[in-house]
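Here is what each chain is made of, one letter per residue.
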Amino acid sequence: MQGSDYLKRTKVTPSLGAGDALLFCNAFFHKSENVHQGKRTAYILRLVPKDAKFSRTRLLGLKMLGQNLAVVNELLEQHYPDALETL
C-alpha cells in the first residue's frame, strides 16, 4: 500500500467548471473521483504529426482484438491493402 499512500499524499484535484477540460499525457498516472450525477463524459484525443505513418503491426493487432474495426479496416485498406488479402 506504499504506492497508494503516496498517491493520497500527493493528490491534486483541479477546479473545473462546466465546459472546462483537463488534458494530460496518457502515461500520467491518474484516476477519476466518484461520479455524483450518474454519468461522466470522457473524450480521448491524440495529436500526431500530419505526415505520421500508421504501424502495420499495430493496426493488425487492433484488428485481431476487434477494436475500432471500422477505422482499423479503413486505415489498413488505405495504407496496407495487401494486409487485408492475408486475413
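Structure's up top.
Quick notes on the rules
Residues numbered from 1 in each chain as written. Predicted model: local features only at pLDDT ≥ 70, side-chain atom pairs only at ≥ 80, totals over all residues. Heavy atoms only, no water. Buried < 20%, exposed > 50% of the residue type's maximum accessible area, 1.4 Å probe, protein only. Helix = DSSP H or I, 4+ residues; strand = E, 2+ residues; numbered from the N terminus. Arc of directions from axis to C-beta. Axes fitted to C-alpha atoms, helices over the stretch in contact; angles between N-to-C directions. Left-handed = near helix turned anticlockwise from the far one by under 90°. Contact = heavy atoms within 4.5 Å. Nonpolar A, V, L, I, M, F, W, Y, C, P; charged D, E, K, R; others polar.

Enquirer: Would you explain helix H3 (residues 69-79) in this entry?
Expert: Each full turn of the α-helix corresponds to 3.6 residues, which orients residues three or four apart in the same direction. Within H3, burial applies to Val72, Leu75 and Leu76. Viewed along the axis of H3, the buried residues span an arc of 100 degrees, placing them on a single side of the element. The exposed residues of H3 that point more than 90 degrees off its buried face are Ala70, Glu74, Glu77 and Gln78.

Enquirer: Which parts of the structure should I look at to understand the packing of helix H2 (residues 56-65) against H3?
Expert: Two quantities define a packed helix pair, namely the angle between the helix axes and the distance between the axes. H3 packs onto H2 with a crossing angle of 145 degrees between their chain directions and a minimal axis gap of 9 Å. Relative to H3, the crossing made by H2 is left-handed. Contacts between H2 and H3 pair Leu59, Leu60, Leu62 and Lys63 from the former with Leu69, Val72, Asn73, Leu75 and Leu76 from the latter. In the contact of H2 with H3, the residues fall into 7 nonpolar, 1 polar and 1 charged.

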